[in-house]
Amino acid sequence: MTNDGASSQPAASTESGRVTTKPRRALTALLSRDVTEPPDPAAQNAVPGFGGSPKLRLVVLSFLMLFVELALIRWLGANIVYLSYYSNFVLLGSFLGIGLGFLRAKSRVNLFPWAPLALALLVLFVLIFPVQISHTSGTQLIFFGALKTTGLPTWLTLPIIFLSVAAVMAMIGEGVARTFIQFKPLDAYRLDIVGSIVGITAFSVLSFLDAKPLAWGIVTAVALFALYGKRIGVIQVVALLSLAGMLTAQSFISRDLWSPYYRITVGGKTPANTIPILVNGIPHQSIIAAAKRPAIYYLPYREAVHNPLNNVLIVGAGTGNDVAGALREGAKHVDAVEIDPLIYKLGIKLNSDKPYKSPRVTVHVNDGRAFLSETSKKYDLILFALPDSLTLVAGQSSLRLESYLFTLEAMQAARAHLEPNGVFAMYNYYRTPWLKDRLANTLDVAYGHAPCASSVGSGGQELSVLTVSSNPAAVSCVQTWHRPANVLPPATDDHPFVYLQSNSIPGFYLLTLALILIASLLLVRTSSGPYRKMTRFADLFFMGTAFMLLETKSIVQFALLFGTTWFVNALVFAGVLVAVLAAVEVSRHVVIRRPNLMYGCLLAALVLAWAVPQESLLSLAIVPRFICAVLIAFTPIFLANLVFTQRFRDVGDSTVAFAANLLGAMVGGIIEYLSLITGYRFLLIVVAGLYGLAFLTGRRYLVAGAPAPVEISVAAKQGSTASAPA
């Protein structure tokens, strides 16, 4: 029988010049072409999709990278309790991952196709092992809302989360990097900034709409489907569908609602006819009829003798319990300030007293400190009602939403808004005597005499009420606060860490940061080789460190001046992006041949920012305050990025240069905790010193010469701001 050889050979076909067998085609269908097909040397960096438009692909990739990073920070913090206090834990994992992804831009093995699987596994792990992490047993720092720890041990969960976030972002970052290097550096960087702006805009819109995680998952899945195009494999499809399914279940099967700040759970009505409200998995408040509230909540009205209650201000109005109480006590008009719009809406719907529907009530969805700085109204009673937020302002800082409400300057601002016989009161479960004494001492300093101080309950469930007035005769104390032998000084706008018992970095923070640094050093070493290669890029290391601190200072400054709301935070991030884009555009057209001039201007801008205390701008009207704040905060950011892009024109080894800059950015995120010791203003001195070191170590590279390509460091795409460390 004749054998012509055809029947004895595996069936093969030619596709794009490559021979493929049936097993290979099956494997390709399963894993995707980007996994099974080795890079083509003739077109190593070619990418499909979007009608052959690499520019659009890079914009979408950059959009995806920032969007996923923001979503992970929000979602993980809401499902792993107290990660909301460790926001930069997730952020630093993102930094590390993006950096590793860019280091792999020319690697033979492409990890971008595995991003959906890694993301789905991370979501699955968190849903199976949600964790409530409590460090309230320590004496250095207080976290409100301590509950019994659930899930896996903290020492196991936190490393898994950090490494998983780094892995997800490394895979997405590699996808960005493989397209990024197809362009001239500044053209690529400009497209990347455009994508980042779209990303933060999209996430902000979803926040405004109170979108659930399903919306984030849909946006992510659609972007990935579009990016993979016809090269997608079965594993990617299954992973994306699984991701959508898990987030659908959490969004619709659970009773959770999602505000711009919290994952909110509304409990069923209890036998006591209260409706519990949980945020991020822990009790936050209970809706209860005003007539059934314990008498301690009405103590400020009893102590405010002969107070006409013509105008009452309630900060932390929540679901309306305190507003209903003020109306019940005869308040003629109430200004109710609540930062979370969804909690306010729940009060409209669920509070049986219907306080928010009263014509005597005006609601302000705003930050309490911002409201005080914007109004000129005087009040007979100002009440700070249980304003503990359970969350941080942003990933780059240790600032909580309510931090600027409890500083000495905040108490003085409240006093300035009282009528001559007006009364100020605040109450909360302060959990520990030293915190109650610290706040009482703050009132003592602000008003010149000791406040009233009453408590009910015991241990961590002790509710304390502090009441005071500029006119001591306007208050009749049930019990007066007595200064203990040792009392902490008031928190200030520069050091607003009221829950920190001493000006130090708590031990559990130090341990966490040390482990992050060690992991970063090991992973970067694995990717880039010996560290001695980085010595010529020491200036880039210092630039990365400095810029992270500079960005943090800008965020907290705007939080003080305009409120700790999510909208202000988003505007600051967008402003940073605009400043970065402006610096890139300048560097695309201008070669600055005098590095002394650039660094001199940057130093002058830093000196100006240090010389003008941020709280001094609060006395200005809103428009001039905004103008001054923008000039003071964003001038150094622009100049820092100008120094950064000019330096990169002559970088020869982009991988090593990036590694140095990445390590600097990681160290900057860690050094930010120095503010717990020194306050935020001192960070500007550290920034100036770091840029001074960058000048000394890199001045010889910034000399006159022909323009060279700018090597863009991935650390330039830092986190939720997508900005360049400079």
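Above this text you will find the structure in question.
Now for a quick tour of the structure. Every residue gets a number counted from 1 within its own chain, in the order that chain's sequence is written. The predicted nature of this model means local features are confined to residues of pLDDT at least 70 and side-chain atom pairs, given and counted, to a pLDDT of 80 or more, with totals for whole chains, interfaces and linings taken over all residues. No hydrogens and no water enter the side-chain calculation; it runs on all heavy atoms of the structure.

1. What to know about the overall build of the protein chain
Where helices and strands are cited, they refer to DSSP runs of H or I of at least four residues and of E of at least two residues respectively, numbered from the N terminus. For the protein chain, the count of helices and strands is 23 helices and 15 strands. Relative accessibility under 20% of the residue-type maximum defines a buried residue, over 50% an exposed one, and the middle range a partly exposed one, all with a 1.4 Å probe and only protein chains included. Buried residues in the protein chain amount to 58% of all 726 residues. Long-range contacts, defined as pairs at least 24 residues apart, comprise 80% of the intrachain contacts of the protein chain with a sequence gap of at least 6. Working definition of accessibility: Shrake-Rupley area with a 1.4 Å probe, residue cover restricted to the visible protein chains. Total accessible area computed for the protein chain in this model is approximately 27,400 Å², and 64% of it derives from carbon and sulfur atoms. We call two residues contacting when some pair of their heavy atoms lies within 4.5 Å.

2. With respect to the sheet that holds strand β8 (residues 282-287)
Here, any two strands with at least 2 DSSP bridges between them count as paired. Within the open sheet, the four strands sit side by side as β5-β6-β7-β8. Their pairing is antiparallel. Because the sheet does not close on itself, it has two edges, and the strands there are β5 (256-258) and β8. On average, each strand axis in the sheet is tilted by 30° relative to the strand beside it, whichever way the strands run. Of the pairings in the sheet, the one linking strand β6 (residues 263-266) to strand β7 (residues 275-279) comprises three bridges and is antiparallel in character. Between the N-to-C directions of two axes lies an angle of 0 to 180 degrees, each axis being a line fitted to C-alpha atoms and, for a helix, fitted only over the stretch in contact.

3. Digging into the sheet that holds strand β9 (residues 312-315)
With mixed pairing, the seven strands of this open sheet are ordered in space as β11-β10-β9-β12-β13-β15-β14. Each having just a single partner strand, β11 (361-365) and β14 (452-456) make up the two edges of the open sheet. This sheet shows a mean twist of 15° between the axes of neighbouring strands, independent of strand direction. The sheet contact formed by β9 and strand β10 (residues 334-338) spans four bridges and is parallel. Bridge assignment links L313 to a residue of β10, and that residue is D335. The strands touched by helix α15 (residues 433-447) within the sheet are β13 (418-428), β14 and β15 (463-469), with β15 carrying the most contacts at an inclination of about 5°.

4. With respect to the packing of aromatic side chains
The rule is short: rings of Phe, Tyr and Trp, with Trp giving its six-membered ring, pair when the centres are within 6.5 Å, and they are stacked under 30 degrees, edge-to-face over 60, tilted in between. In total, this model carries 22 aromatic pairs according to the counting rule given. Look at F125 and F129: their rings are 5.4 Å apart centre to centre, the planes differ by 50°, and that puts the pair in the tilted class. Judged by its relative accessible area of 15%, F125 is buried. Put simply, the rings of F63, F67, F203, W216 and W258 pair up and form one aromatic cluster.

5. Regarding helix α5 (residues 115-128)
Helix length check: α5, at 14 residues, gives a terminal C-alpha distance of 20 Å against a target of 20 Å (1.5 Å per residue), a fit within 8%. Buried within α5 are the following residues: A115, P116, A118, L119, A120, L122, V123, F125 and V126. The inward-facing, buried residues of α5 abut α3 (54-79), β3 (80-81), α6 (154-180), α8 (213-228) and α9 (234-253). Any helix carries an expected span of 1.5 Å times its number of residues minus one.

6. Considering the side chain of N110
By the element assignment, N110 lies in the loop between α4 (87-103) and α5. Classification of N110 as buried rests on a relative accessible area of 14%. At 3.0 Å, the side chain of N110 and the backbone nitrogen of F112 are in polar contact. Between N or O atoms, a polar contact is any pair within 3.5 Å; within protein, one atom must be a potential hydrogen donor and the other a potential acceptor, and residues adjacent in sequence are included only when both atoms are from side chains.

7. Section: the packing of α3 against helix α7 (residues 185-208)
As a packed pair, α3 and α7 sit with axes 7 Å apart at the nearest point and diverge in direction by 45°. Compared by their axis directions, α3 and α7 come out oblique. Helix-helix and strand crossings are classified by hand; for α3 and α7 the assignment is right-handed. For the contact of α3 with α7, the per-class residue count stands at 16 nonpolar, five polar and three charged. When an angle is under 35 degrees it counts as roughly parallel; over 145 it counts as roughly antiparallel; between 65 and 115 it counts as roughly perpendicular; any other value is oblique. What makes a crossing left-handed is the near helix being turned counterclockwise from the far one by less than a right angle; a clockwise turn instead makes it right-handed. Each residue is assigned to one class: nonpolar for Ala, Val, Leu, Ile, Met, Phe, Trp, Tyr, Cys and Pro, charged for Asp, Glu, Lys and Arg, and polar for all the others, Gly among them.

8. Comments concerning the nonpolar core
In this structure, L72, L76, I161, V168 and Y691 are the most contacted members of the largest nonpolar core, which totals 148 residues. When near neighbours in sequence (up to four residues on either side) are disregarded, L76 contacts L83, V90, V126, I161 and V165. By nonpolar core we mean a set of buried residues, namely Ala, Val, Leu, Ile, Met, Phe, Trp, Tyr and Cys, connected to one another through side-chain atoms within 4.5 Å.

9. A word on the state of the cysteines
Here, a disulfide means two cysteine sulfur atoms that sit within 2.5 Å of each other. Scanning all chains against the criterion turns up one disulfide. Each sulfur in the disulfide pair C452 and C477 lies 1.9 Å from the other. Its S-S torsion of about -75° marks the bond between C452 and C477 as left-handed, since a negative value means left-handed. A residue pair is termed long-range when its members are at least 10 positions apart, and C452 in strand β14 and C477 in the loop between β15 and α16 (507-528) qualify at 25 residues.

10. Let's talk about the pairing of strand β12 (residues 379-385)
Looking along a regular strand, one sees side chains alternate from face to face of the sheet. The buried fraction of β12 amounts to seven of the seven residues, a majority that puts the element mostly inside the structure. Direction of pairing for β9 relative to β12: parallel, over a ladder of four bridges. If you follow V312 over to β12, its bridge partner there is L381. The sheet contact formed by β12 and β13 spans six bridges and is parallel. Counted as the bridge partner of A385 is Y427 from β13.

11. Examining the pattern of salt bridges
What counts as a salt bridge is simple: a side-chain nitrogen of Lys or Arg found within 4 Å of a carboxyl oxygen of Asp or Glu. Inspection of every chain in the model, using the stated rule, returns 14 salt bridges. As a salt-bridge pair, R293 and D322 come within 3.1 Å of each other at their nearest N and O atoms. Of this pair, R293 sits in the loop between β8 and α10 (299-303) while D322 is found in helix α11 (residues 321-328), placing the two residues 29 residues apart along the sequence. The burial state of R293 is the same as that of D322; both residues are buried. Among the ionic pairs, D335 bridges to K377, the shortest N-O distance being 3.1 Å. Placement of the pair is D335 in strand β10 and K377 in the loop between α13 (368-374) and β12, with a sequence separation of 42 residues.

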